[in-house]
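Now for the letters of each chain:
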Amino acid sequence: MLKISEDILLEGAAMHKWATDLFPICRSITGQGVRDTLGYIKNLLPMMTIEEVPSGTQAFDWVVPDEWNIYDAYIADESGQRIVDFKKNNLHVVGYSEPIDQWMTLEELDNNLYSLPDQPTAIPYVTSYYSRRWGFCLSHEQTHTIKPGSYHVVINSELKPGFLNYAELRLPGKSKEEVFLSTYICHPSMANDQLSGPVVATALAKWLSSQERLRYSYRIVFIPETIGSIVYISRNLTELKQRVIAGFNISCVGDERCYSYLPSRAGNTVSDQAAQHVLKYIDKDYIKYTWLDRASDECQYCSPGVDLPMASIMRSKYGVYPEYHTSLDDLNFVTPVGLAGSLLALKTSIEIIENNYTFKTTSPCEPQLGKRGLYPTLSTKSSSDQMRAIMSLISYCDGSKSLLEIADIIDQPFWKVQGWVNKLREHDLLQLV
Amino acid sequence: MLKISEDILLEGAAMHKWATDLFPICRSITGQGVRDTLGYIKNLLPMMTIEEVPSGTQAFDWVVPDEWNIYDAYIADESGQRIVDFKKNNLHVVGYSEPIDQWMTLEELDNNLYSLPDQPTAIPYVTSYYSRRWGFCLSHEQTHTIKPGSYHVVINSELKPGFLNYAELRLPGKSKEEVFLSTYICHPSMANDQLSGPVVATALAKWLSSQERLRYSYRIVFIPETIGSIVYISRNLTELKQRVIAGFNISCVGDERCYSYLPSRAGNTVSDQAAQHVLKYIDKDYIKYTWLDRASDECQYCSPGVDLPMASIMRSKYGVYPEYHTSLDDLNFVTPVGLAGSLLALKTSIEIIENNYTFKTTSPCEPQLGKRGLYPTLSTKSSSDQMRAIMSLISYCDGSKSLLEIADIIDQPFWKVQGWVNKLREHDLLQLV
Amino acid sequence: MLKISEDILLEGAAMHKWATDLFPICRSITGQGVRDTLGYIKNLLPMMTIEEVPSGTQAFDWVVPDEWNIYDAYIADESGQRIVDFKKNNLHVVGYSEPIDQWMTLEELDNNLYSLPDQPTAIPYVTSYYSRRWGFCLSHEQTHTIKPGSYHVVINSELKPGFLNYAELRLPGKSKEEVFLSTYICHPSMANDQLSGPVVATALAKWLSSQERLRYSYRIVFIPETIGSIVYISRNLTELKQRVIAGFNISCVGDERCYSYLPSRAGNTVSDQAAQHVLKYIDKDYIKYTWLDRASDECQYCSPGVDLPMASIMRSKYGVYPEYHTSLDDLNFVTPVGLAGSLLALKTSIEIIENNYTFKTTSPCEPQLGKRGLYPTLSTKSSSDQMRAIMSLISYCDGSKSLLEIADIIDQPFWKVQGWVNKLREHDLLQLV
């Protein structure tokens, strides 16, 4: 089994600290919250560039909407007391709410209040990006405490042409072929379905930046979900299709409840193979979703005409865990250990992809390992499982299967197989295909 | 689930009426009974043509046999009383019996009597088309009542050069590609394994004839089983192979006991896909047979060198239900509801084949359905199963899969998928491949 | 089910007799024991040639080692009594032991003694072909009886340039394509994992030699394991790759405990198909191993760059049965019935390969079998399973599937299918593809 090391756990603590710093920011698909979030991450990844795309820009079937900014919002009673206050929790306002400043009765107000009868203590997360509305979200418990009367409803927001922002980090490797990592930065104060993705992507980017040598080039993007990936694809489609040989959408990677895997649309890319291989050794009971369960940016990356090999490794998947898209998805649910486990899984997947070569043996028949000290010279009744596995590895190195495919066939972890390959190559027993 | 509608049930009643009219006729692979049966059907389908093929005509490995006609047959005792009488039930005479008029002892007679010890009340159905014989069939119970003595054995039949008859209805569609329906009209008074096939085929033909627009052309034949399909193929092989893209052999479609599916030899044609898709929604417990269980004209249509895509949707399959090939297979066993269910299954299969196009999306990434009123503009925690299914449909429209294949992948009925496709096409979001 | 006939059982007795004669010889990968063994077999197969390959010859990654001969070996106590004596059991000496003649204490001796704590009555089989050592093997029980003291340790062996020997029998058939049988002759006195292989291969060779007509040519080799197959391949690689269309490695074919199958690396060759087909009818509970379980010469024959279609039919597989590589693997464990069962399985597999043609029907549609006496002319309610199977056979003769593949699809033994094919060919209903 693959265990979280001391070092990775320290990174888990660092990631949780970043998430804590970023938690209060009111993000949306555009606006100052996105820029503040990207600015914080750029401090950690100075090579990253922040891009801006003007409102009204066409991206395939979509148009970049007006920029939304919000400064304050509340519902106050006749005594002036704020009974719902955006400053206490930015989930209280429906995302992209248009401005309002008006007195109204509870009856009038009620149509614009959102709560969850099944989760009475949770403030739900609601948005209306492409249709002008305003609204407040609050716990179902609180709705019972609001008495009939007159209320002052204020949303001090702005909706006007501006920019959609995203950030991109490009790390050149030996090959122009790329591994693509994508995460989103458009949800307000939520932890698993928001901050876990960017902080794990940041830790991966820092690790990759520190590597002396990379086989593949890397492209790491921090974008608003859906509109951001569509805009990004529309600007980079040809290059993405030519270069990207593997990739992961990074979302919901912060809790400790389980591990999950969601395939690419194609289902059998090297990203899919690596993710499943790693999860088998981290938690053999990991949950396997299907393409029908998808709902994040892989919808765009794997769509017909784009067809990138993007798989997802997650902890508790969006849409499935009860805290999803509510105020309960917080920094208690997301933990350093949860983040560390995801980092381990993604890092190991990337290491596998970096080292996943195809070999063939240098001569027919088995090599004589004994004379090279790689096999016991005394032949007794029992043979070790490891020696058998090495011989099986060699027997499958016929130039038709990658090391990862062989590792799965011989049921051995990739990192062991890779170690054996290194020894065999020292003795010129395998050649690259 | 797909249910039998009021309209289809009315058609069930009409079909049962036709079967009742046709029941008394003594059919065989040739002779006046076949012509009478085809004449009755031609009243319902005036565009149908009736063909005749002379005895002695070669058809691949076979030769059209002499025509058989029978006028009377009985076994009378010494007092002149008919103890077995063809006029009471035409199953009493072995099909294609040669004429006889002779007195003999019970011992002599006995070799030419057929009954079923395991089904003592049933008169069995026995034929000897290609080897001259005569014989009588009777219930096993009755055999015990015949006392030793002398009997007058009379079969007033004729075996002489004549014709093999079959009927063909051709309905032109937009494409020269064809859907082929075949049923047989060569068994005497039996219901499920005889009349259910022609009456359901007739109802389908009437429905198809009434369509304003057909994508495919249709070819519907009423033939004697085996020799008829072989003769038909021998006269139409090139055209059949060029044109037929789907087809069904229609047999045993009248009782209510179960639904059955028997694949084409290839096993994965669009006929097979459609039949299985429809049956899944009519009766998820339908029986799946294999090609090894076949025994009707699909043997010829799918044989090597012919290779047509002919599948079978049945109720109780020939050879399996106890009443099969006995006098118990009657119009109580076959019911209006049983016939209606088969009509529904075959009609729906044909509708699917007519509408089974392949599409691809008109631009990369997901389309923005919200702005077209096809998706909610307010994004809350829950998303409807239907919206998820529509997005999955779009994600599989990559030009490589037919709508029917996508319907199976996303586990949705074809007719729902087709409705969604129609809406998406109104907005130019899908294009035909 | 396929049963061992009287004749095959007699062959089982003959094979057991040969094994009994060969048992005492001290074989190794080189030396006089190999030549004595091959000499005995040549008496049974006079057409066989015995080859010699000088020590020092390079074979891919390997070098033929010096020849080893041994004349005597013992451990004697101070009174001169032999407490371990090679003359009593040649397993007592580690294979390829270098000579020694020396007095030493039990402490000094102990490092060179091998026994099995888990099998206290068994003398283990140990070798050290490529690293110079000496040693004695004895039962763990016996180790407890050796008292501290001084011992005279004598191994009268020779290690010097000589030859590696193997034998080859080539039987020409109508085609230059070959079936390849390989067995090894390099282990000392053991029965299942040694003599069962050569005696079954000898019986197969005698049977093949006696055939008037062979479709394929046959190549049968008796070699030392591993180094022998590597040497043989190095001398014959091009021819083997061009000609061998099927083959079996023959090892561990002598006991009665079970039947086993081990696939070729490719896994789906005609050898694999035939072996599995035959075993299904001999013992439906036969054990299916995978390529990962291999450990004999198939490692070389199926290695990348060699890629021969070699499967294995075994009784108790090497490495799995407790007696393996010990003195308990003797001629009580291996029996005439055990050997006979393996002969039956291999003989039948070869017969299948010889008769595994591909046919297509001579005309479209089903042939009329009735007029040829191959089908009943009276059609009654029931049809025999055999008639149904014959019609299914015909329906699959479309030129794309071999008879063996069809036999598996229609779930009938090959030998029955072959009989039906013969009848159908008499009537020109099938043609060779």
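Procedures and definitions
- Residues numbered from 1 in each chain as written.
- Chains lettered and ligands numbered in written order.
- Predicted model: local features only at pLDDT ≥ 70, side-chain atom pairs only at ≥ 80, totals over all residues.
- Heavy atoms only, no water.
- Helix = DSSP H or I, 4+ residues; strand = E, 2+ residues; numbered from the N terminus.
- Expected span 1.5 Å × (residues − 1).
- Buried < 20%, exposed > 50% of the residue type's maximum accessible area, 1.4 Å probe, protein only.
- Arc of directions from axis to C-beta.
- Contact = heavy atoms within 4.5 Å.
- Buried area = accessible area lost by both parts, 1.4 Å probe.
- Salt bridge = Lys/Arg side-chain N within 4 Å of Asp/Glu carboxyl O.
- Polar contact = N/O pair within 3.5 Å; in protein donor to acceptor, adjacent residues only side chain to side chain.
- Least-squares fit on C-alpha atoms with pLDDT ≥ 70 in both.
- Core = buried A, V, L, I, M, F, W, Y, C linked by side-chain atoms within 4.5 Å.
- Patch = residues over 30% accessible without salt bridge, like charges linked within 9 Å, V, L, I, M, F, W, Y side chains within 5 Å.
- Areas by Shrake-Rupley, 256 points an atom, 1.4 Å probe, with all protein chains shown as cover.
- Axes fitted to C-alpha atoms, helices over the stretch in contact; angles between N-to-C directions.
- Parallel < 35°, antiparallel > 145°, perpendicular 65-115°, else oblique.
- Left-handed = near helix turned anticlockwise from the far one by under 90°.
- Nonpolar A, V, L, I, M, F, W, Y, C, P; charged D, E, K, R; others polar.

## Notes on helix 12 (residues 414-426) of chain B
Residues and elements named next belong to chain B.
Right, so step 1: In this model, helix 12 (13 residues) spans 18 Å end to end at C-alpha, consistent with the 18 Å of a helix rising 1.5 Å per residue.
Right, so step 2: The complete set of buried residues in helix 12 reads F414, V417, W420, V421 and L424. The arc that holds the buried residues of helix 12, viewed along the axis, is 125 degrees, so those residues lie on one side.
Right, so step 3: Contact partners of the buried residues in helix 12: helix 7 (270-282), helix 9 (336-355), strand 17 (358-361), helix 10 (385-396), helix 11 (403-409) and strand 19 (430-432).
Right, so step 4: The positive-phi residue at the C-terminal boundary of helix 12 is D428, with phi of around 55 degrees.

## Remarks on the interface of chain A and chain C
Right, so step 1: If you look at the interface, chain A gives 25 residues, while chain C gives 34 residues.
Right, so step 2: Across the interface of chain A and chain C, roughly 2,300 Å² is buried in total on both sides, 50% from carbon and sulfur atoms.
Right, so step 3: Among the ionic pairs, D61 of chain C bridges to R372 of chain A, the shortest N-O distance being 2.7 Å.
Right, so step 4: Counting every contact that joins chain A to chain C gives 19 residue pairs in polar contact (both at pLDDT 80 or more).
Right, so step 5: Here the side of chain A that touches chain C gets six residues from one element, more than from any other, and that element is helix 10 (residues 385-396) of chain A.

## Re the relation of the copies chain B and chain C
Right, so step 1: Least-squares fitting of chain B to chain C yields an RMSD of 0.1 Å, with the transformation described by 0.0 Å of translation along the axis and a rotation of 120 degrees. Seen this way, the second copy is the image of the first under a three-fold rotation axis. The position closest to the rotation axis in chain B is occupied by the C-alpha of N268 of chain B, lying 13 Å away.

## What to know about the nonpolar core
Right, so step 1: Membership of the largest hydrophobic core comes to 143 residues, with the highest contact counts inside it found for F136 of chain A together with F222 and L393 of chain B.
Right, so step 2: Counting residues per element, this core draws most heavily on helix 5 (residues 191-209) of chain B, which supplies ten residues.
Right, so step 3: Not counting residues within four places of it along the chain, the set of residues in contact with L393 of chain B comprises L403, I406, I410, V417, W420, V421 and L424 of chain B.

## Details of a nonpolar patch on the surface
Right, so step 1: There is a patch of nonpolar side chains on the surface, built from I4, L9 and V337 of chain A and spanning about 190 Å² of accessible area.
Right, so step 2: According to the relative accessible area criterion, V337 of chain A is partly exposed, its value standing at 34%.

## Observations regarding the interface of chain B and chain C
Right, so step 1: With 35 residues of chain B in contact, the opposing surface of chain C contributes 25 residues.
Right, so step 2: The contact between chain B and chain C buries some 2,300 Å² in all, and 50% of this surface belongs to carbon and sulfur atoms.
Right, so step 3: Area buried by chain B at its contact with chain C is led by D61, L292 and P304 of chain B, which between them contribute 28% of it.
Right, so step 4: Joining chain B to chain C, the criterion identifies three salt bridges.

## Topic: the environment of N165 of chain A
Residues and elements named next belong to chain A.
Right, so step 1: Take N165: it is sitting in strand 10 (residues 163-171).
Right, so step 2: Counting along the chain gives 98 residues from N165 to E67, while the straight-line C-alpha distance between them is 9.9 Å.
Right, so step 3: Beyond its immediate chain neighbours, meaning those up to four positions away, N165 contacts V34, R35, L38, I50, E51, E52, I185 and P224.
Right, so step 4: A distance of 2.9 Å separates a polar atom in the side chain of N165 from a polar atom in the side chain of R35.
Right, so step 5: From its side chain, N165 meets the backbone oxygen of E51 in a polar contact 3.3 Å long.

## Focus: the packing of helix 7 (residues 270-282) of chain C against helix 9 (residues 336-355) of chain C
All names here are of chain C.
Right, so step 1: Running from amino to carboxyl end, helix 7 crosses helix 9 at an angle of 130 degrees, the nearest separation of the two axes being 9 Å. Here helix 9 runs oblique to helix 7, going by the angle between their axes. Where helix 7 crosses over helix 9, the two elements pack in a sense that is right-handed. Mapping the contact onto sequence places V270, S271, A274, A275, H277, V278, L279 and I282 in helix 7 and G341, L344, A345, T348, S349, I352 and I353 in helix 9.
Right, so step 2: For the contact of helix 7 with helix 9, a count of residues per class yields ten nonpolar, five polar and no charged.

Just distances and angles here, no functional claims.
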